[in-house]
Number of protein chains: 2
Amino acid sequence: MRIHEIGEFGLIDRLTQRLQPPDTSVIVGIGDDAAVTAYAPGHHVVTTTDMLVEGVHFRTDTIDDRSLGYKSLAVSISDIAAMGGRPRHAVISLALPVAIDVERLEALYEGVRDVCVAYDTHVIGGDVVKTDGPFVISVTLLGEVETGRALLRSTARPGDLVFVTGTVGGSAAGLDYIEHGKGLDVSPDTSDHLLRCHQRPEPQVRAGRWLLASGGCTSANDVSDGLASELNEIAKMSGVRLVVQAEQIPMHHAAVSYAKQRGRDPLDWALFGGEDYQLVGTLDPAKAGDVQNLFAKEGLPLTIIGRVVEGRGVTLAAPDGGEREISPKGYNHFAE
Amino acid sequence: MRIHEIGEFGLIDRLTQRLQPPDTSVIVGIGDDAAVTAYAPGHHVVTTTDMLVEGVHFRTDTIDDRSLGYKSLAVSISDIAAMGGRPRHAVISLALPVAIDVERLEALYEGVRDVCVAYDTHVIGGDVVKTDGPFVISVTLLGEVETGRALLRSTARPGDLVFVTGTVGGSAAGLDYIEHGKGLDVSPDTSDHLLRCHQRPEPQVRAGRWLLASGGCTSANDVSDGLASELNEIAKMSGVRLVVQAEQIPMHHAAVSYAKQRGRDPLDWALFGGEDYQLVGTLDPAKAGDVQNLFAKEGLPLTIIGRVVEGRGVTLAAPDGGEREISPKGYNHFAE
């Protein structure tokens, strides 16, 4: 079905019907000039926004529409998690080619509902417009965080320990599997894990909340552009140097075994792949043990991968004692 | 200058430098995973979002880049005004063709600063991405409104009076002037007014705040799609009929005189043109006199144009006693 058959308002009705019903924090939802929302007393509002363009950020041959809807919000939820906040309310704008199928958008919104249900988030509004160009999705997500407690990138100090939650490199491995893995003998467990990493990443809201509650986290960032880029961001914003042990960087055995089959170094995916949506940051060394115990008790993975020293930049230390500087080398949107 | 010469972060730096400095409500601004903002106690957050696509919503031959920056935010500020709220914080995402001039974007951000200064609003974040298609601007604006006091579209009651602030039809007259007026003998005052209406509309935040404070406003909407569309929206959402006197609809003499030169009926521009960003709504008849006196004292124009009765839809009454139904007939993005 094409949009002109049901009109702009017909489309909005169909998409809205796919969302979970609003909770009591939504005072005025979809349908007025603006939405009105309530946040918990003693909290500030946390806001992040991400824009995704078909052909640049996603392709129909590497992600299905429902997963795309899930992931469109998940990337923003991850930003809120990196501040130690709780996601609450989203607005979604779509620039649509006139010939796009309504069924594609309905599937997209089913994925939006999936991630909203999983993360207690509600869509409160949006905009739907026509474009002669590619499909564009713009998401702005509002969350809440305790006043004065947000986790920043700029507050790491020499002596702190560097941590990462979960495993990294899985999303890049998943994309490689989608593009090159079909002829290989890959176990269903491995392919399931890799696809999930790329298409249905799990923003670390619980980890961010516990990092904040612990009082031991001195800085945090989410892994959207690759560990190298995020570590450099913390180093730059905090005015410190991070020294990371290569062999400590946590990688899932599925990514490691798949990399072997492909003759690739999984560390490259971990450092430069991105889209893992884990949290990376620093811990006060006096409280690091408590934080590790807390995470163990909550069943949340947390790995110490290095330390903070005076200086600038990021050093990768190899088990043999060799050291090399790692540059941000993230994805540059505007490279020639 | 092209973006690849300065990179994504170079561009963000250049654009950020053009913005007004943050105020104390911005706890964490541009540069971290997300922004953190504070709102006044006893207030809810009001959120609205708008997406603009080059070739659909704007064209370089009808608006300069600085005015485009101004207007991109002004349309969202108008939505906050229609809720009776105060705009506070914006995030702006841009999908950019790789060949776009950096100077164009700098001019755009000077216009963003213009409107932010005028309306005490601060840009707290955004996203910058590449596209193979047209330039896309996505704005999400957060404001605040006193708890339980937001002005809605759905609360007009039979017996209420219908009002509009300022004059309507000027933006459509301005667009007509840009496209067809060059050869006509139009006074500088007239052309200045019409261009300003189209390129630098003034969202009615002060009017919205006084409507809320007066306690006499029973519904409100902003005139983005044309008076006919907005009146129908209030009628539909409130389950009432609006009867409007054609000769009471306030039009600026510049639009009226220009329409005469063009052989057009200015009422068509007022009803179906849109982009005037005035407020339209309803008043409690017992308090309408007080509201009018308050607006007169504050130097804010307010005109009573009709009344609310039982029923559905919108009636336009002519001075000769004739009546006709007016349909929303707004701009339909997805018409064939």
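Residues numbered from 1 in each chain as written. Chains lettered and ligands numbered in written order. Predicted model: local features only at pLDDT ≥ 70, side-chain atom pairs only at ≥ 80, totals over all residues. Heavy atoms only, no water.

K.L.:
Tell me about the UniProt feature "binding site: Mg(2+) 4" (unreviewed entry) in chain A, and please be specific about residues and values.
P.N.:
According to UniProt, the positions carrying the feature "binding site: Mg(2+) 4" (unreviewed entry) are Asp33(A), Thr48(A) and Asp79(A). For this annotated set, covering 47 residues, the C-alpha atoms extend up to 26.9 Å from each other, a dispersed arrangement in space. Other than its neighbours up to four places away in sequence, Asp33(A) contacts Thr48(B), Asp79(B), Ala82(B), Met83(B), Arg153(B), Ala220(B), Asn221(B) and Asp222(B). Positionally, Asp79(A) belongs in helix 2 (residues 65–82). With a relative accessible area of 8%, Asp79(A) lands in the buried category. Sequence-distant contacts of Asp79(A), defined by excluding residues within four places in its chain, comprise Thr48(A), Asp50(A), Asp222(A), Asp33(B) and Ala34(B). (UniProt positions renumbered as here; feature names shortened; annotations may be inferred. Contact = heavy atoms within 4.5 Å. Helix = DSSP H or I, 4+ residues; strand = E, 2+ residues; numbered from the N terminus. Buried < 20%, exposed > 50% of the residue type's maximum accessible area, 1.4 Å probe, protein only.)

K.L.:
Quick one: what's the story with the packing of helix 1 (residues 7–17) of chain A against helix 3 (residues 102–118) of chain A, residue by residue and with numbers?
P.N.:
Residue and element names in this part refer to chain A. One way to put it is that helix 1 packs onto helix 3 with a least axis distance of 9 Å and a crossing angle of 35 degrees. Handedness of the helix 1/helix 3 crossing: right-handed. The residues of helix 3 that touch helix 1, namely those facing Leu 11, Arg 14 and Leu 15, are Val 102, Leu 105, Glu 106 and Tyr 109. Each residue belonging to the contact of helix 1 with helix 3 can be placed in one class, and the counts come to five nonpolar, no polar and two charged. (Axes fitted to C-alpha atoms, helices over the stretch in contact; angles between N-to-C directions. Left-handed = near helix turned anticlockwise from the far one by under 90°. Nonpolar A, V, L, I, M, F, W, Y, C, P; charged D, E, K, R; others polar.)

K.L.:
Requested: an account of the packing of aromatic side chains, with residues and values cited.
P.N.:
Residue and element names in this part refer to chain A. In total, this model carries six aromatic pairs over all chains according to the counting rule given. Seen in terms of ring centroids, Tyr 258 and Trp 269 are 6.0 Å apart; in terms of plane orientation they differ by 20 degrees. Their pairing is stacked. Highlighted residues: Tyr 258 in helix 8 (residues 253–262) and Trp 269 in helix 9 (residues 266–272), separated in sequence by eleven residues. Its relative accessible area of 0% is what places Tyr 258 among the buried residues. Its relative accessible area of 5% is what places Trp 269 among the buried residues. Site record: aromatic cluster; members linked through ring pairs are Tyr 177, Tyr 258 and Trp 269. (Phe/Tyr/Trp six-rings, centres within 6.5 Å; stacked < 30°, edge-to-face > 60°.)

K.L.:
Explain the UniProt feature "binding site: Mg(2+) 2" (unreviewed entry) in chain A residue by residue, including any values.
P.N.:
Mapped onto this numbering, the UniProt entry annotates "binding site: Mg(2+) 2" (unreviewed entry) at Asp50(A) and Asp79(A). These residues run over 30 residues, yet every pair of their C-alpha atoms falls within 9.7 Å of each other. With respect to the helices, strands and loops of the structure, Asp50(A) is situated in strand 3 (residues 43–53). The contact partners of Asp50(A), leaving out residues within four places of it in the chain, are Val75(A), Ser76(A), Asp79(A), Ile137(A), Ser138(A), Val139(A) and Asp127(B). Side-chain polar atoms of Asp50(A) contact the side chain of Ser76(A), separated by 2.9 Å. (Polar contact = N/O pair within 3.5 Å; in protein donor to acceptor, adjacent residues only side chain to side chain.)

K.L.:
Could you give an account of the interface of chain A and chain B, naming the residues involved and the relevant values?
P.N.:
Opposite the 62 residues of chain A that make contact, chain B presents 62 residues. Of the roughly 5100 Å² buried where chain A meets chain B, counting both sides, 63% is carbon and sulfur surface. Linking chain A with chain B are four salt bridges, by the criterion used here. Across the pair Asp32(A) and Arg153(B) runs a salt bridge whose closest N-O atoms are separated by 3.7 Å. For the interface between chain A and chain B, the tally reads 16 residue pairs in polar contact (both at pLDDT 80 or more). When contributions to the side of chain A that touches chain B are tallied by element, the ones reaching two or more residues are strand 1 (26–28), strand 2 (35–37), strand 3, helix 2, strand 4 (86–97), strand 5 (122–131), strand 6 (136–146) and strand 8 (217–222) of chain A. (Buried area = accessible area lost by both parts, 1.4 Å probe. Salt bridge = Lys/Arg side-chain N within 4 Å of Asp/Glu carboxyl O.)

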